[in-house]
Amino acid sequence: MTNTQTPPARTERPKAPPAPQAPRLSARDRGTRLLATLFLAPTIVGIVVFTVVPIVGSVVLSLFHWNVIDPPRFAGGSNYGAVFGDETVLVSFRNTLVFMVFAVALQLLVALALALTLNGRMPVWLRSVFRSAFFFPLVLSAASISVVMKYLFNQDFGVVNWLLGFVGIAPVPWLTSENAAMTTVVLVYVWQQFGFSFLLFVGGLNNIPKEIHEAAALDGATGLRKHLTVTLPLLSPTLLVASVVGIINALQVFEQPYVLTNGGPGDSTRTVVMVIYETAFEQLRFGEASAVGVLLFVLIMAVTALQFRLSRRFVHYQ
Amino acid sequence: MTDSHLTRRRLLRYGAYGAGAAALGGTAASWERLTGADIPGRDDGSLVVATLGPAYGPEAIRTLREGFRELHPDIKLQINAVQAVDWSDFFAKILTQVAAGTAPDLVYVATEGVQLFAQRLGVALDTWVKRDAAELKEYFADVHPSLVESMMYEGSLYQLPVEFNAADMYLNHQVLRRAGAPYPPADWTRDDFTTLLRDMKQASGSRFTPYFWTNRLWGGVVPWLFANDTNLLAESKAPGGEWLWDSFYPAGQRADRGGGFRWTTPQATHDRVEEVYDYLASLVQDGLCTRPEGGNGQNLIGVFSTGRVGVTPAGGFWAGGLHLAGMERDGFDVQYFPRWRTQRMQYGAAGYALLRTSKRQEEAWEFIKYAARKETLARLFTTNQTTPARRSMLTADRYQETGPAHWPVFYDTLDRFPDTGPIPAPPQVAEVEQLLLKHTGTALASSRSVRPALRRLQGDLEKAMERDA
């Protein structure tokens, strides 16, 4: 078969319009731009020095064997191979994910329930007292709180078991049983952290216009139905922020399991950041520790990206 | 009429100028602090000594510094008390200083770090010890050879021990009386020990724990392993060391001494190790002792002094600790660790290690000798916060106020049982300790957990020992 079609006549390409010339900035605008740059400079320098450089440094270090004392030796990808072959590291990733799921879910639930309760009819002074009380643990050092909790939850001499004894409950191995230790760590963590989500929810609830609730009430929505159909959808942007921050924090949990259980019994509460600390500063394998750090970074980025992607479906903006 | 108010833009601009100027001024004013240049002793030719902060308070540091100045007015001395939770934390901080290029000249190092420092960072003291042998004769005559041997690595000496603590058994008199039990004899056995725990439990009710122990290398499972004539890692001795033994110790004391300990091959699945874990698991199951993770030194003094614990392993340091906690000297006593297959016991010692990076090695050696002098130790260890390495310092006077009545036990642990040895601490000690803690927790969950946990411990130890420290 032959092509009988004639080729289209060659036409002249239209001339591209002249590139728009950047408007000449006045001296005043140049001054403004300089001022803006000056204002931003400390932040940019800070981000580069304290965020970008350490991240790049960790990635580079993860390709070397380094024990602080001897010069670094290039390791290629062997640190990553060692990490994937190390059962403790894999268990720590599993523990961290389990911890994240339960800690964040519980934290959001408790914070939301308390915020909704406090948002009801309550004297202003009492509301202030509760807000302060719920926020207070957040400003305390996680390490010192964990030391106190370690005493409280001690199986043999702790106050918690002593109190349970009054109602006939046998001593619970809060921190020394593989079944109970993670639960205890989650409880302590949630107790300390939920104040942040709580404050966010209180702010979010205050931002919901009363008219919408009134309109819903006119349509016959009451109680739980009102919360499910009106309050929660309108609170969804706040929920997204609280869950993103909560998940990032939970994936980096260190102080509570380190002080309360030191990762035990066995590896049952060992988290990824604990493994990074132990591998680097106790076993002097900085390359492997950096490789674990890089993997944690990737995990956090992936989970956060997934959250934002999913948020398109359930986050509603007014 | 003109508007005399500042515009917002102008206000912001002046604010930015002011903030910038303040930032520059502040940075210039605190430049020395920011760069650490104002730290006393840095780059000013001082001999820098790093000590474990919690063990050396300001008073101890002043004592050390002033005493050294009297002896060596020409040497500038700076003592840095590094705050750390434990020895591994302390070593991590020292290594960070090494990495930053600000290494001290001398580091106070316990048994846990002797081989790590010797292998990687330390300078052997052999040349100086031989040179100053006449001066050191009195020191070695006063210090048990086992302590010295624990500071040797592959035939060379790296530290002069100044203190040690053996894992002896502390007993609460109030609890003994309640149980109608006498102070146990020196040759008591593991079975006597178990019977005592049962009697204590029976007499004291459910809110009482007879035996409190901690999950760590020192005072944890390891003393029981020693008593059962085994160890976590097979123990042998490096050749060499005759240069020291022949010069300073009589034939009777230098027999079987070598060039330092070697801990190489893991033996966690050995029958005797399993026996020890089975025994401890049975104590846990019977409610006769704390779960290993439950115990730590922080709450121990409180529960012991109030009679909620009957027995615990501790060293001479506890005499000072209990005294400071308000316990009377006759409220407690101390006895050797009970016999099983042997009555070999466990200790940890400490001294000053000289770093290779030091440019003041002669001055550092003078400090090492000064720190091991009897006058120095006497001025330093006034509250019995530890056991001095010098035998002659253990006197009735020293324990008159703090107790306990049987204080000679502290040094006799070495003299009466000369095979008493240091905790197993190869250069990979940090990982070894971590694995021990982890798998001990799992092993003691139930009697059925022992064997699988020890198998995993063995596998992990093998991997750890194959790695470079």
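Everything numeric here is computed off the predicted structure, so don't read it as measured data.

## A look at the overall build of chain B
Reasoning step 1: Tallying secondary structure elements over chain B gives 22 helices and 15 strands in all.
Reasoning step 2: Here the C-alpha coordinates of chain B stretch approximately 100 × 65 × 50 Å along the principal axes.
Reasoning step 3: Long-range pairs, those at least 24 residues apart, make up 80% of the contacts in chain B between residues at least 6 apart in sequence.
Reasoning step 4: Of the roughly 19000 Å² of accessible surface on chain B, a fraction of 51% belongs to carbon and sulfur atoms.

## Regarding empty space enclosed by the protein
Residues and elements named next belong to chain B.
Reasoning step 1: Enumeration according to the criterion identifies three cavities of 30 Å³ or more in this entry.
Reasoning step 2: For the second largest cavity, the calculated volume is near 40 Å³.
Reasoning step 3: Forming the boundary of the second largest cavity are T111, V114, Q115, E149, S150, M152, F261, W263 and A425.
Reasoning step 4: Of all elements in the fold, only α5 (111-120) and β10 (261-266) reach the threshold of two or more residues within the lining of the second largest cavity.

## With respect to the sheet that holds strand β12 (residues 332-335) of chain B
Residues and elements named next belong to chain B.
Reasoning step 1: Pairing within the open sheet is mixed, and its four strands lie in the order β8-β11-β7-β12. Each end of this open sheet is capped by a strand with a single partner; those strands are β8 (209-211) and β12. On average, adjacent strands in this sheet sit at an angle of 25° to one another, irrespective of strand direction.
Reasoning step 2: Where β8 lies against strand β11 (residues 309-314), two bridges are found, and the strand directions are parallel. Across the sheet, the residue bridging to T209 is V309, located in β11.

## What about the domain arrangement of chain B?
All names here are of chain B.
Reasoning step 1: Examined at the domain level, chain B breaks down into domain 1 (47-165 + 348-397) and domain 2 (168-232 + 267-344 + 426-467).
Reasoning step 2: The contact between domain 1 and domain 2 buries some 870 Å² in all, and 60% of this surface belongs to carbon and sulfur atoms.
Reasoning step 3: For the side of domain 1 that touches domain 2, the leading source of residues is α5, giving four residues.

## With respect to the domain arrangement of chain A
Residue and element names in this part refer to chain A.
Reasoning step 1: Domain annotation of chain A identifies domain 1 (32-74) and domain 2 (82-312).
Reasoning step 2: Here domain 1 and domain 2 have C-alpha centroids that lie 30 Å from each other.
Reasoning step 3: Listed per partner, the contact involves 10 residues of domain 1 and eight residues of domain 2.
Reasoning step 4: When domain 1 packs against domain 2, the two sides together hide about 670 Å² of surface, and 75% of this comes from carbon and sulfur.
Reasoning step 5: For domain 1, the biggest contributors to the area lost against domain 2 are L61, S62 and W66; these three give 44% of the whole.
Reasoning step 6: The interface formed by domain 1 and domain 2 holds zero salt bridges in total.

## Thoughts on a positive patch on the surface
Reasoning step 1: A cluster of basic side chains, namely R28(A), R8(B), R9(B), R10(B) and R13(B), defines a positive patch on the protein surface.
Reasoning step 2: Considering each element in turn, the positive patch owes the most residues, four residues, to helix α1 (residues 8-29) of chain B.
Reasoning step 3: Tracing the backbone through its elements, the reader meets R28(A) in helix α1 (residues 27-61).

## Description of the packing of helix α3 (residues 87-118) of chain A against helix α7 (residues 181-206) of chain A
All names here are of chain A.
Reasoning step 1: The geometry of α3 relative to α7 is characterised by a closest axis approach of 6 Å and an angle of 45° between their N-to-C directions. By the angle class used here, α3 and α7 are oblique. Judged by the sense of rotation from one axis to the other, the crossing of α3 with α7 is right-handed.
Reasoning step 2: Split into classes, the residues belonging to the contact of α3 with α7 amount to 23 nonpolar, four polar and no charged.

## Regarding unusual backbone geometry
Reasoning step 1: Across the junction of G264(A) and P265(A), the peptide omega takes the value -10°, indicating a cis bond.
Reasoning step 2: Inspection of the secondary structure puts P265(A) in the loop between α10 (255-260) and α11 (272-282).
Reasoning step 3: In the segment running from G403(B) into P404(B), the intervening peptide bond is cis, with an omega of 0°.
Reasoning step 4: Unusually for a residue other than glycine, V68(A) sits at a positive phi of about 75°.
Reasoning step 5: Checked against the element boundaries, V68(A) lands in the loop between β1 (64-65) and β2 (73-74).

## A short note on the environment of A166(B)
All names here are of chain B.
Reasoning step 1: Examined against the element boundaries, A166 turns out to sit in strand β6 (residues 163-166).
Reasoning step 2: Measuring from C-alpha to C-alpha, the distance between A166 and P266 comes to 23 Å, with 100 residues separating the pair along the chain.
Reasoning step 3: Aside from chain neighbours lying at most four places away, what touches A166 is W218, A314, G315, Q346, Y347 and T413.

## Re the nonpolar core
Buried together is how nonpolar side chains tend to be arranged in soluble globular proteins.
Reasoning step 1: Counting 209 residues, the largest nonpolar core has F140(B), Y211(B) and F367(B) as its most contacted members.
Reasoning step 2: Setting aside residues no more than four positions away along its own chain, F140(B) makes contact with V129(B), V148(B), L157(B), L160(B), L244(B), F248(B) and Y249(B).

## Here's the deal with the packing of aromatic side chains
Ring pairs (aromatic) are described by centroid distance and by the angle formed between their planes.
Residues and elements named next belong to chain B.
Reasoning step 1: Taken as a whole and judged by the stated rule, the model has 50 aromatic pairs over all chains.
Reasoning step 2: With centroids separated by 5.1 Å and ring planes inclined at 90°, the aromatic side chains of F193 and Y211 adopt a geometry described as edge-to-face. Of this pair, F193 sits in helix α10 (residues 190-204) while Y211 sits in strand β8, and the two are 18 residues apart along the sequence. Accessibility classification places F193 together with Y211 in one group, the buried group.
Reasoning step 3: The cationic tip of R178 hangs over the ring face of F208; the distance from NZ or CZ to the ring centre is 5.3 Å.

## Focus: the pattern of salt bridges
Note that side chains of opposite charge can pair when their charged atoms are close.
Residues and elements named next belong to chain B.
Reasoning step 1: Evaluated as defined, the whole model comprises 29 salt bridges over all chains.
Reasoning step 2: Its salt-bridge partner being E135, residue K369 comes within 3.0 Å of it at the nearest N-O pair. Of this pair, K369 sits in helix α17 (residues 361-371) while E135 sits in helix α7 (residues 133-142), and the two are 234 residues apart along the sequence.
Reasoning step 3: Residue classification places K369 among the buried positions, given a relative accessible area of 8%.
Reasoning step 4: Since its relative accessible area comes to 47%, E135 is described here as partly exposed.
Reasoning step 5: Between E366 and K369 there is a salt bridge, and its shortest N-O distance comes to 3.3 Å. With E366 and K369 both in helix α17 and three residues apart, this pair spans about one turn of that helix.

Calculation rules
- Residues numbered from 1 in each chain as written.
- Chains lettered and ligands numbered in written order.
- Predicted model: local features only at pLDDT ≥ 70, side-chain atom pairs only at ≥ 80, totals over all residues.
- Heavy atoms only, no water.
- Helix = DSSP H or I, 4+ residues; strand = E, 2+ residues; numbered from the N terminus.
- Contact = heavy atoms within 4.5 Å.
- Areas by Shrake-Rupley, 256 points an atom, 1.4 Å probe, with all protein chains shown as cover.
- 1 Å grid on protein atoms, 1.4 Å probe; cavity = no way out; pocket = protein on both sides within 12 Å on 5 of 7 lines; lining within 4 Å.
- Points joined across faces, edges and corners; volume = space filled by probe spheres on them.
- Pairing = 2+ DSSP bridges.
- Axes fitted to C-alpha atoms, helices over the stretch in contact; angles between N-to-C directions.
- Domains from an automatic or database assignment.
- Buried area = accessible area lost by both parts, 1.4 Å probe.
- Salt bridge = Lys/Arg side-chain N within 4 Å of Asp/Glu carboxyl O.
- Patch = residues over 30% accessible without salt bridge, like charges linked within 9 Å, V, L, I, M, F, W, Y side chains within 5 Å.
- Lys, Arg positive; Asp, Glu negative; His and termini not counted.
- Charge placed at Lys NZ, Arg CZ, Asp CG, Glu CD.
- Parallel < 35°, antiparallel > 145°, perpendicular 65-115°, else oblique.
- Left-handed = near helix turned anticlockwise from the far one by under 90°.
- Nonpolar A, V, L, I, M, F, W, Y, C, P; charged D, E, K, R; others polar.
- Core = buried A, V, L, I, M, F, W, Y, C linked by side-chain atoms within 4.5 Å.
- Buried < 20%, exposed > 50% of the residue type's maximum accessible area, 1.4 Å probe, protein only.
- Phe/Tyr/Trp six-rings, centres within 6.5 Å; stacked < 30°, edge-to-face > 60°.
- Lys NZ or Arg CZ within 6 Å of the ring centre and 35° of its normal.

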